[in-house]
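These are the residues of each chain, in order.
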Amino acid sequence: MLFNVLNTLFRGGHVDFLSVLAQIISIVFVILCILPLHEFAHGWVAYKLGDPTAKMAGRLTFNPLASVEPMGALALLLFGFGWAKPVPVNSSYFKKPKRDMAITALAGPVSNLLAALVGAVILVTVSVFLPYNWIVSFLVSFLSYYVIINISLAVFNLIPMPPLDGSRILGAFLSDRALRTYYRYQNVFVMLMFVLLLTGALSGPLGIVQNFFYRIIITIAKLPFQLFGAI
């Protein structure tokens, strides 16, 4: 994200500052509105599955002050991946702890994909019906970044490494013994994940998955317009 912009500037390259501004605004919007949605989704699904922990902690809210974590927000702004304050979940309330924990974990990435789909529908609407000018161009840039960031967050959180959501989804398929061993080395997995991210080793695999979801979401967003002959 902005790290790439700064790197380009330091190397004497050219950047489109209007596009950079659209990118910054989209990231800030995601930090203030979508990260709280992501955490709310976790808490709400956990509550529906019998766990009142998030509700009792006052975390069933869209208030960004309850969810935004400064370092996670800064990481999202600079590198395109970040995190919020995790919603507390107590699996002892679940009827089937591993299954229900996996469902609760999956709710976060799903909320990001749904947010991306809403953004994609608005993006297609703007592109089809509004006459082109610099304001529309800026709005298209904002919405494009918004869609991409949400998809990136969904894919990032699906990485099966603690403490990401993907680790809890994977946990549903592990034996209790394997799961205990898995979480015993959580700190090692966290360090490994950051090394892989910072060295760019995950860029290729993550990019393939992100492009896959992007094509699906854009195709779904265009479908109503294609059915009515608007595009």
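In this report, the structure presented in the accompanying data block is examined. (Residues numbered from 1 in each chain as written. Predicted model: local features only at pLDDT ≥ 70, side-chain atom pairs only at ≥ 80, totals over all residues. Heavy atoms only, no water.)

### Re helix 2 (residues 17-48)
- In this model, helix 2 (32 residues) spans 45 Å end to end at C-alpha, consistent with the 46 Å of a helix rising 1.5 Å per residue.
- In helix 2, a bend of some 40 degrees at Ile-31 exceeds every other bend along the element.
- Directly beyond the C-terminal end of helix 2, a positive phi value near 110 degrees is found at Gly-50. (Helix = DSSP H or I, 4+ residues; strand = E, 2+ residues; numbered from the N terminus. Expected span 1.5 Å × (residues − 1). Bend = angle between axes of the 7 residues up to and from the residue.)

### What to know about the environment of Ser-92
- When you line up the elements, Ser-92 lands in the loop between helix 5 (70-79) and helix 6 (97-129).
- With a relative accessible area of 58%, Ser-92 lands in the exposed category.
- C-alpha separation for the pair Ser-92 and Cys-33, spaced 59 residues apart in sequence, amounts to 30 Å.
- Among the polar contacts listed, one links the side chain of Ser-92 to the side chain of Asn-90, at a separation of 2.6 Å. (Buried < 20%, exposed > 50% of the residue type's maximum accessible area, 1.4 Å probe, protein only. Polar contact = N/O pair within 3.5 Å; in protein donor to acceptor, adjacent residues only side chain to side chain.)

### Thoughts on the nonpolar core
- In terms of nonpolar packing, the biggest core is built from 33 residues, with Val-30, Leu-76, Phe-156, Ile-159 and Leu-197 touching the most fellow members.
- The residues touching Leu-197, leaving out its near neighbours within four places in the chain, are Phe-81, Phe-156, Leu-202 and Leu-206.
- The next biggest cluster of nonpolar side chains, apart from the first, holds 6 residues, and it includes Ala-22, Val-126, Val-136 and Leu-143. (Core = buried A, V, L, I, M, F, W, Y, C linked by side-chain atoms within 4.5 Å. Contact = heavy atoms within 4.5 Å.)

### Structural notes on the pattern of salt bridges
- What the rule picks out here adds up to 2 salt bridges.
- When the shortest N-O distance is used, the salt bridge between Lys-98 and Asp-176 registers 3.4 Å. Taken together, the residues Lys-98 in helix 6 and Asp-176 in helix 9 (residues 176-184) connect sequence positions 78 residues apart.
- The class for Lys-98 is partly exposed, based on a relative accessible area of 26%.
- Between Asp-100 and Arg-99 there is a salt bridge, with its nearest N and O atoms 2.7 Å apart.
- A relative accessible area of 41% places Arg-99 in the partly exposed class. (Salt bridge = Lys/Arg side-chain N within 4 Å of Asp/Glu carboxyl O.)

### Remarks on the packing of helix 7 (residues 134-157) against helix 11 (residues 203-227)
- Here helix 7 crosses helix 11 at 125 degrees, and the two axes come no closer than 9 Å. With respect to helix 11, the axis of helix 7 lies oblique. Between helix 7 and helix 11 lies a crossing of right-handed hand. Together, Val-147, Ile-148, Ile-151, Ser-152 and Val-155 of helix 7 and Leu-206, Val-209, Gln-210, Phe-213, Tyr-214 and Ile-217 of helix 11 make up the contact between the two elements.
- Looking at the contact of helix 7 with helix 11 residue by residue, the class counts come to 9 nonpolar, 2 polar and no charged. (Axes fitted to C-alpha atoms, helices over the stretch in contact; angles between N-to-C directions. Parallel < 35°, antiparallel > 145°, perpendicular 65-115°, else oblique. Left-handed = near helix turned anticlockwise from the far one by under 90°. Nonpolar A, V, L, I, M, F, W, Y, C, P; charged D, E, K, R; others polar.)

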